[in-house]
Amino acid sequence: MQDEIFRSQLLPQERIMWSGRPGQGVIFQPLDGLLIPFTLLWCGFAIYWTVSALNTNAPPFFILFGSIFVCVGLFMVVGRFWFDAWVRKATIYALTDRRVLVSQSRPFRKFTAVGLAQLPDIHLTERRDGRGTIRFGAARSFTGNSGLSIWVPSLDPVPQFIAIVDAPRVFQMVQNTAEHHRTH
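So, here is what we can say about the structure in this document. In every chain, residue numbers begin from 1 and rise along the written sequence. Only residues with pLDDT of at least 70 are given local features in this predicted model, and only at 80 or more are side-chain atom pairs given and counted; all residues enter the totals for whole chains, interfaces and linings. Excluding hydrogens and water, the side-chain values take into account all heavy atoms of the structure.

## Details of the pattern of salt bridges
Under the convention used in this document: Whenever Lys or Arg places a side-chain nitrogen within 4 Å of a carboxyl oxygen from Asp or Glu, that contact is recorded as a salt bridge. We count a stretch as a helix when DSSP gives it H or I for four or more residues in a row; a strand needs E for two or more, and each element gets its number in order from the N terminus.
Within the structure shown, the criterion is met by six salt bridges. Among the ionic pairs, glutamate 4 bridges to arginine 7, the shortest N-O distance being 3.7 Å. Taken as a pair, glutamate 4 and arginine 7 lie in helix α1 (residues 2-7) at a separation of three residues, close to a single helical turn.

Here it is in structure tokens:
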């Protein structure tokens, strides 16, 4: 079924070597070690602000201001994990003999293809549960211009295979195929 989604996107004589889906459900990233405490403090302060504004009969602007920050805080604490899982549920990956392919149908349709001969840096991050993420580009920077991808990794503009089964084997396939393209 996964391969069928990519059939119409294949180049002449291109063949799929591997296809798969990202890990499902809530996935914690290494950066969450910093983000989770920050988001809990943010949300806690926003709730404190809003409750204090309500209890002291502050002007409606203060209550509205605090409520907006509570909503943002709740998204950062729990909503981002749900949203990321929702996006990954509608994502499929493929490795062909020529390209890396990523198809997403949420929150909007997006198809990404990167030629193996032009691949930039390739990074493998292995997890204890045997899954791993292969990133086809520069490592994500916490301080750089990464936008929403810090909060929702599946929206990162750099193509990646997130939390796939047997990632070291797929990584080796990518490296071997890319090397074959560079030498021929």
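## Focus: the sheet that holds strand β1 (residues 16-20)
So the rule is basically this: Pairing between two strands is assigned when DSSP locates at least 2 bridges connecting them. Angles shown run from 0 to 180 degrees and are taken between the N-to-C directions of axes, each axis being a line fitted to C-alpha atoms and, for helices, limited to the stretch in contact. Here, residues are in contact when the closest pair of their heavy atoms is within 4.5 Å.
A sheet is described by the order of its strands in space; here four strands give the open sequence β1-β2-β3-β4, paired in antiparallel fashion. Each edge of the open sheet is held by one strand with a lone partner, namely β1 and β4 (110-115). The average undirected angle you get between the axes of adjacent strands in this sheet is 15°. Contacting β1 and β2 (91-96), helix α4 (residues 167-183) runs over the sheet at an angle of about 150° to β1.

## Points about the packing of aromatic side chains
Keep this limit in mind: Centres within 6.5 Å make a pair out of two Phe, Tyr or Trp rings, where for Trp the six-membered ring is used; the pair is then stacked when the planes are under 30 degrees apart, edge-to-face when over 60, and tilted otherwise. The buried label applies to any residue whose accessible area, calculated with a 1.4 Å probe on protein chains only, is under 20% of its type's maximum; exposed applies above 50%, and partly exposed to all values in between.
Counted according to the given criterion, the structure contains 15 aromatic pairs. On the numbers, 5.4 Å between centres and 35° between planes, the contact of tryptophan 42 with phenylalanine 69 is tilted. With tryptophan 42 in helix α2 (residues 32-55) and phenylalanine 69 in helix α3 (residues 60-89), this pair connects stretches of sequence that are 27 residues apart. With relative accessibility at 27%, the residue tryptophan 42 sits in the partly exposed group.

## Quick word on the state of the cysteines
The test is simple: Any pair of cysteine sulfurs within 2.5 Å is marked as a disulfide.
Considering all chains together, one arrives at zero disulfides under this definition. Sulfur of cysteine 43: no disulfide; nearest cysteine sulfur belongs to cysteine 71 and is 9.2 Å away. Of the residues examined, cysteine 43 reaches a relative accessible area of 6% and is grouped as buried. You can call cysteine 71 exposed: its relative accessible area is 55%.

## Brief notes about the packing of α2 against α3
Worth spelling out the cut-off: Angles below 35 degrees are treated as roughly parallel, those above 145 as roughly antiparallel, those between 65 and 115 as roughly perpendicular, and all remaining angles as oblique. The handedness criterion is simple: a crossing whose near helix is rotated anticlockwise from the far helix by less than a right angle is left-handed, and one whose near helix is rotated clockwise is right-handed. Side-chain classes follow a simple rule in which Ala, Val, Leu, Ile, Met, Phe, Trp, Tyr, Cys and Pro form the nonpolar group, Asp, Glu, Lys and Arg form the charged group, and the remainder, Gly included, forms the polar group.
Packing of α2 against α3 brings their axes to within 8 Å, and their N-to-C directions diverge by 155°. Regarding the angle of α2 to α3, the classification is roughly antiparallel. By crossing handedness, the relation of α2 to α3 is classed as left-handed. The residue inventory of the contact of α2 with α3, partitioned by class, reads 21 nonpolar, five polar and two charged.

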